[in-house]
Amino acid sequence: MSYAIVGFGKIGQALAHAFARKNIEVTVASRRPPEGLAPQAGMIGPTVVAKSLRDALEADTIILAVPFGEHREVAKALPNWEGKTVIDAMNAFPVPEELDGIPSSAFVAKSFTGAKFVKGFNHLIAATLATDPIVEGGHRVVFLSSDDEDAIAPVAALAKQLGFAPVKLGKLNEGGALVHARGRTWGQLIFQDLFKKEQ
Ligand SMILES: NC(=O)c1ccc[n+]([C@@H]2O[C@H](COP(=O)([O-])OP(=O)(O)OC[C@H]3O[C@@H](n4cnc5c(N)ncnc54)[C@H](OP(=O)(O)O)[C@@H]3O)[C@@H](O)[C@H]2O)c1
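Residues numbered from 1 in each chain as written. Predicted model: local features only at pLDDT ≥ 70, side-chain atom pairs only at ≥ 80, totals over all residues. Heavy atoms only, no water.

Trainee: Help me out: how do you make sense of the pattern of salt bridges in this one?
Mentor: Side chains bearing opposite charge may pair, as long as their charged atoms lie close to each other. Summed over the entire model, instances satisfying the criterion amount to 5 salt bridges. Here E70 ties to R31 by a salt bridge, and the two come within 3.9 Å at their closest N and O atoms. Taken together, the residues E70 in the loop between β4 (61-64) and α4 (71-76) and R31 in the loop between β2 (26-29) and α2 (34-44) connect sequence positions 39 residues apart. With relative accessibility at 26%, the residue E70 sits in the partly exposed group. Between E73 and K76 there is a salt bridge, with its nearest N and O atoms 3.0 Å apart. Of the two residues, E73 and K76 both sit in helix α4, 3 residues apart, roughly one turn of that helix. Given the relative accessible area of 46%, E73 is considered partly exposed. (Salt bridge = Lys/Arg side-chain N within 4 Å of Asp/Glu carboxyl O. Helix = DSSP H or I, 4+ residues; strand = E, 2+ residues; numbered from the N terminus. Buried < 20%, exposed > 50% of the residue type's maximum accessible area, 1.4 Å probe, protein only.)

Pasting the structure below:
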């Protein structure tokens, strides 16, 4: 599997730390040229490699860590998302009216036609997500939800590799609603920093 993080701000860098901690190679990209990201990537760790957006999108698994409104720009960068897994680490807050009641990740998924689409790694503040997820033998929980049950397993495997304990919430508008904002209210599981003894 190959991994890319699109968006190298607070959440993108927090996730890059998680990959670096486990020596897993990950590409990072934003609108800036890779030379602009390389110093920060290098400081996080040698497995964090800055590339252009186009080159980063060659990865099998792409984590979206851009501001919510930018997801369409990222989606446009590839003509076809077949064969890709997209992990939506974004939050929409306050929820824009254009969503018209559908979960933000279901809205985003519409732009990534053909991809296996999973919401995850979105419920913690970046400073928390950046720290070691293994504390006193417990594993920090990340919540995963998707309308495609088969899509969750490889993302759960990645979460485990990174040291997190994945908890599957089911469909985006069912358990997944707990990690989506509604209007101006955060979902009940957002910002809950929970740990499990077993992964
Ligand atoms: N901050 C948190 O604690 C937190 C917690 C949970 C979830 N989130 C969610 O995570 C997402 C990112 O938040 P953040 O706090 O990390 O934001 P941020 O610090 O502002 O970083 C956003 C990143 O996205 C890049 N970017 C913007 N538009 C882009 C585009 N069209 N294509 C490629 N890259 C683009 C920016 O770089 P360039 O300007 O160089 O393109 C920047 O690296 C948001 O959806 C937010 O709701 C944030």
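Trainee: Teacher, can you tell me more about the environment of A157 here?
Mentor: Checked against the element boundaries, A157 lands in helix α7 (residues 149-161). Judged by its relative accessible area of 43%, A157 is partly exposed. Sequence separation of A157 and I190 is 33 residues, and the distance between their C-alpha atoms is 22 Å.

Trainee: I would appreciate a short explanation of the site of the ligand in the present structure.
Mentor: As a matter of local geometry, the ligand sits amid 23 residues, with F8, I11, S30, R31 and R32 nearest to it. A distance of 2.7 Å is found between an oxygen atom of the ligand and a side-chain nitrogen or oxygen belonging to R32. A total of 890 Å² of accessible area belongs to the ligand in isolation, and the protein chains cover 81% of it. One can see that the ligand is located within the largest pocket. When contributions to the shell around the ligand are tallied by element, the ones reaching two or more residues are α1 (10-21) and α4. Residues of the shell around the ligand, tallied by class, amount to 13 nonpolar, 5 polar and 5 charged. (Near = heavy atom within 4 Å. Polar contact = N/O pair within 3.5 Å; in protein donor to acceptor, adjacent residues only side chain to side chain. Areas by Shrake-Rupley, 256 points an atom, 1.4 Å probe, with all protein chains shown as cover. 1 Å grid on protein atoms, 1.4 Å probe; cavity = no way out; pocket = protein on both sides within 12 Å on 5 of 7 lines; lining within 4 Å. Sits in = over half its atoms within 2 Å of the grid points. Nonpolar A, V, L, I, M, F, W, Y, C, P; charged D, E, K, R; others polar.)

Trainee: I'm lost on the layout of surface pockets in this one. Help?
Mentor: The probe, sized like a water molecule, is rolled over the atoms to show the empty space still left. If you add up the space inside the largest pocket, you get close to 630 Å³. Taken together, 27 residues form the lining of the largest pocket, with G7, A65, V66, P67 and F68 sitting closest to its centre. Within the lining of the largest pocket, the residues separate by chemical class into 17 nonpolar, 5 polar and 5 charged. Class assignment of the residues belonging to the lining of the second largest pocket gives a composition of 8 nonpolar, 5 polar and 1 charged. (Points joined across faces, edges and corners; volume = space filled by probe spheres on them.)

Trainee: How should the nonpolar core be read in this particular structure?
Mentor: In summary, soluble globular proteins display a tendency toward joint burial of nonpolar side chains. Membership of the largest hydrophobic core comes to 37 residues, with the highest contact counts inside it found for I5, F19 and F121. Mapped onto this core, the elements with two or more residues apiece are β1 (3-6), α1, β2, α2, β3 (48-50), α6 (126-129), β8 (138-145) and α7. If you tally residues by element for this core, the top one is α1, at 7 residues. What F121 contacts, discounting residues up to four positions off in sequence, is L15, I87, A89, L129, V142, F143, V155, A159, L162 and F164. Core analysis: the second largest hydrophobic core is formed by 24 residues, A4, A29, L78 and L99 among them. (Core = buried A, V, L, I, M, F, W, Y, C linked by side-chain atoms within 4.5 Å. Contact = heavy atoms within 4.5 Å.)

Trainee: Looking at this structure, I do not really get the side chain of T27. What am I missing?
Mentor: Examined against the element boundaries, T27 turns out to sit in strand β2. For T27, the residues in contact, after removing those within four places along its chain, are Y3, A4, I5, V49, K51 and A56.

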